[in-house]
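Here's the letter readout for the chains.
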Amino acid sequence: MNASAASTKRLVALHGWSATVLAVLLYVVMLTGTIVVFDNEITRWSEGRTGLVNALDGPVDVHIRRLAEQVPDDLEDDVIVREGRGGNLSVFFGANRVLESGESGLFGHSFLIDPRSGTLHQAKVGFFADIIADRPEYALSNFLVDLHVRLHVPGRLGLYMTGILGVIMLIAAVTGVLIHKHIVRDLFTTERPGKRIVSFRDRHTLAGVWSLPFAILLSFTGAFLSFAVSLGLPVVALVAFGGDQDKALETVMGSHAIVDPTPARMADLQQIISDAQGRANMPIGGLTIHHYGRADAIVETAHSAVSSALRGKTFEYSASTGEFLREVRLVGTDHSAGSTLAELMTPLHFGNFAGLTSRLVWAALGAAMTYTIISGMQLWLRRRQDDPIWRAGDRVLTTVAWGLPLAIVGTAYVFLLTYLADDPIYWTPRAFVVICVLIILIGFLTRKLSNQIISRYYCGSLGIGLLVLPFFRLQTGGLSWGEAVLWRGHDVLLIDTFCILMGIVFAVSAQRSYATRLQSHQKSQA
Amino acid sequence: MLDLVRQAEIKSRSFETWLQKRPKLWRWIFAGPVALILSILAMASLPFVLPAGRGGINHLVLPVVFFPVLWAGFVIFPVVSHRLNRIGGVYGGLTVLFILMIVIGGFT
């Protein structure tokens, strides 16, 4: 065997093994990634809010001054203003604290008020992280995002896992390029008939080659997003800053240079908001005040991206004088190759740079990549079907491939049901685990049935599950389609339409598979 | 001079013979743990040699951005390359270089 042939053989082995070793986790990350491209839409679909008013359009300045009087001075260091539940205004006053229990973080008072009248709806004391996590309408979307970002594994370990998966995907994509000698011709491959190995290879090649550039882009940006804070920052801090991560973060992010704790009256926030909206050409999405009530206080205003931009904008103002200070970059204080690259990572990974159009393209390519993983696994198993160990893998693949979307749809049902009882944060992840266990159990109990039959059942169940979901949402107090049109709830219509369309596709596919089997059965009897 | 070249050649061949006793194992080691260690060392050492740039953060951000690419590259190289002693030499040399960069950069 010559060197080139041996290298190609090794590359093929690396391509197959790299994806096979962690195929199940890779599939979970890819499928959830395809879904969470629409995480904001899923949140709004979950909430079904009526109302068109931006919570920060009201007299924010008046509300903050009034609420500040009710909060102890030592808890006024940071003020975080966002849109809260039901379109209300959420205001948090807090400071970094370490409690006797050992817990540490931003601790303080949270208020939920009517953005116009200032009527208080809710007041809480606690850690900011816990308070913002307590948003029932985010339970489903946050669960899916967490599954995608860290596979629900807490701490850095989850990020390491998804980072490794990103690198594995990158290796599989690059080796895929190296082993395909006729990549342009492969773009136009048509599947050869029959369920032969070549048919599986044609399917995998077609899906893989079309999504190849996207696979490289997504795996690279995804691995960066996982490793940047979990590994990159600690390593750079260790060697360049003597292990001081805060100092490293301060250098990378750019810090507020002037420190002046002299008490000072705060400038009119309304004027700052108005100026920031003019500069960004977009409404304000959130506002943060650092060192409230001091001469060195800074106001940060956050804005979504305009249609021609990749990222949203963040501005800094002096809170004591109202003077515009600078546009905050994601990293660093000035334009540079490093800051530009870092800023490109998130929009390129999530596809949220050109509104719904780019996200639809990202979701479609994500679906192609998900299919590439499944078809690659099918090909891998088909080549080893004579080996009894790998033969069992075929059933595992069927259970996982159909089980995961089924579990996600089942979790959505439980979310809608528990949203009525205002406790979906507790139930959503637990429901997912229970449904996964049930599906594994069903897969085990039906192991005598052929893969074709069980796939048809899974496919049909998924179709019916998706078809009924929008109607179940309506019956559990969700926004009706008429209300959605009236209140510009396009997200509700988008997700409902997607569920119905995909439901029809899966149900029809299951029905066709049944009809074909019935026909061949009748033929064999005749 | 010729003797030195010949001696180096003989050493290189004996190194290759030693690696060739278990080629698969060595490729796994080079593409597995060695590739990970090398990419972390690269990320740790590059801040000392890359220019800071106008924003003053290029040397800190670029190694972190390219860490996944470096790791993938260090995994693929031992698979593509035919000669094991070349892989060993390149990876050994890079390890020494990265460690030197960290040591020198850390003291200056």
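Definitions and cut-offs
- Residues numbered from 1 in each chain as written.
- Chains lettered and ligands numbered in written order.
- Predicted model: local features only at pLDDT ≥ 70, side-chain atom pairs only at ≥ 80, totals over all residues.
- Heavy atoms only, no water.
- Helix = DSSP H or I, 4+ residues; strand = E, 2+ residues; numbered from the N terminus.
- Rg over C-alpha atoms; globule rule 2.2 N^0.38 Å.
- Buried < 20%, exposed > 50% of the residue type's maximum accessible area, 1.4 Å probe, protein only.
- Phe/Tyr/Trp six-rings, centres within 6.5 Å; stacked < 30°, edge-to-face > 60°.
- Patch = residues over 30% accessible without salt bridge, like charges linked within 9 Å, V, L, I, M, F, W, Y side chains within 5 Å.
- Areas by Shrake-Rupley, 256 points an atom, 1.4 Å probe, with all protein chains shown as cover.
- Salt bridge = Lys/Arg side-chain N within 4 Å of Asp/Glu carboxyl O.
- Contact = heavy atoms within 4.5 Å.
- Buried area = accessible area lost by both parts, 1.4 Å probe.
- Polar contact = N/O pair within 3.5 Å; in protein donor to acceptor, adjacent residues only side chain to side chain.
- Nonpolar A, V, L, I, M, F, W, Y, C, P; charged D, E, K, R; others polar.
- pLDDT = per-residue confidence, 0-100.
- Pairing = 2+ DSSP bridges.

Caption draft 1: Region of interest: the overall build of chain A. Counting its regular elements, chain A contains 19 helices and 8 strands. For chain A, whose C-alpha radius of gyration is 26 Å, the value lies close to the compact-globule estimate of 24 Å for 526 residues. Viewed in the frame of its principal axes, chain A has a C-alpha envelope of about 90 × 60 × 45 Å. Here chain A holds 526 residues, and 47% of them are scored as buried.

Caption draft 2: Molecular detail of the packing of aromatic side chains. Residues and elements named next belong to chain A. By the definition in use, this model includes 22 aromatic pairs over all chains. When the ring of phenylalanine 93 is compared with that of tyrosine 292, the centres are 6.1 Å apart and the planes differ by 85°; the resulting orientation is edge-to-face. Placement of the pair is phenylalanine 93 in strand S2 (residues 89-98) and tyrosine 292 in the loop between strand S5 (284-290) and strand S6 (298-303), with a sequence separation of 199 residues. In this structure, phenylalanine 93 and tyrosine 292 share a single accessibility class: buried.

Caption draft 3: Just a nonpolar patch on the surface, in detail. A cluster of nonpolar side chains, namely Val434(A), Leu438(A), Leu441(A), Phe444(A) and Leu445(A), defines an oily patch on the protein surface of about 510 Å² accessible area. Mapping Leu445(A) onto the fold places it in helix H16 (residues 424-445).

Caption draft 4: Structural context of the pattern of salt bridges. Residues and elements named next belong to chain A. Under the counting rule described, the total for this entry stands at 13 salt bridges over all chains. The closest approach of N and O atoms between aspartate 61 and arginine 65, which form a salt bridge, is 2.9 Å. Taken as a pair, aspartate 61 and arginine 65 lie in helix H4 (residues 60-68) at a separation of 4 residues, close to a single helical turn. Aspartate 61 sits in the buried class, given a relative accessible area of 10%. As a salt-bridge pair, arginine 294 and aspartate 296 come within 2.7 Å of each other at their nearest N and O atoms. Assessed through its relative accessible area of 9%, aspartate 296 is described here as buried. A single salt-bridge network, built from bridges that share partners, covers Arg85, Arg135, Glu137 and Asp422.

Caption draft 5: Summary view of the environment of His63(A). All names here are of chain A. Relative to the elements of secondary structure, histidine 63 occurs in helix H4. Linking histidine 63 and serine 101, residues 38 residues apart in sequence, is a C-alpha distance of 33 Å. If sequence neighbours within four positions are ignored, histidine 63 has contacts with Leu89, Ile113, Asp114, Pro115, Arg116, Ser117 and Gly118.

Caption draft 6: Examining the interface of chain B and chain A more closely. Contacts between the two partners involve 29 residues from chain B and, on the opposite side, 38 residues from chain A. Buried area between chain B and chain A, summed over both chains or domains, comes out near 2800 Å², and the portion from carbon and sulfur atoms is 83%. Inspection of the region where chain B meets chain A yields 4 residue pairs in polar contact (both at pLDDT 80 or more). Only helix H2 (23-45), helix H3 (58-65) and helix H4 (67-80) of chain B provide two or more residues apiece to the side of chain B that touches chain A. The element best represented in the side of chain B that touches chain A is H4(B), accounting for 10 residues. Class assignment for the residues of the side of chain B that touches chain A results in 23 nonpolar, 4 polar and 2 charged.

Caption draft 7: Examining the confidence of the model for chain B more closely. In the predicted model, chain B carries a mean pLDDT of 86, and 97% of its residues have values of at least 70. Confidence, read as mean pLDDT per element, is least for helix H1 (residues 2-20) of chain B in chain B (73) and greatest for H4(B) (93).

Caption draft 8: Seen up close, the pairing of strand S7 (residues 313-318) of chain A. Residues and elements named next belong to chain A. Where S6 meets S7, 6 bridges bridge the pair, whose relative direction is antiparallel. Across the sheet, the residue bridging to glutamate 300 is glutamate 316, located in S7. Of the pairings in the sheet, the one linking S7 to strand S8 (residues 324-328) comprises 4 bridges and is antiparallel in character. The residue of S8 that forms the bridge with glutamate 316 is arginine 326.

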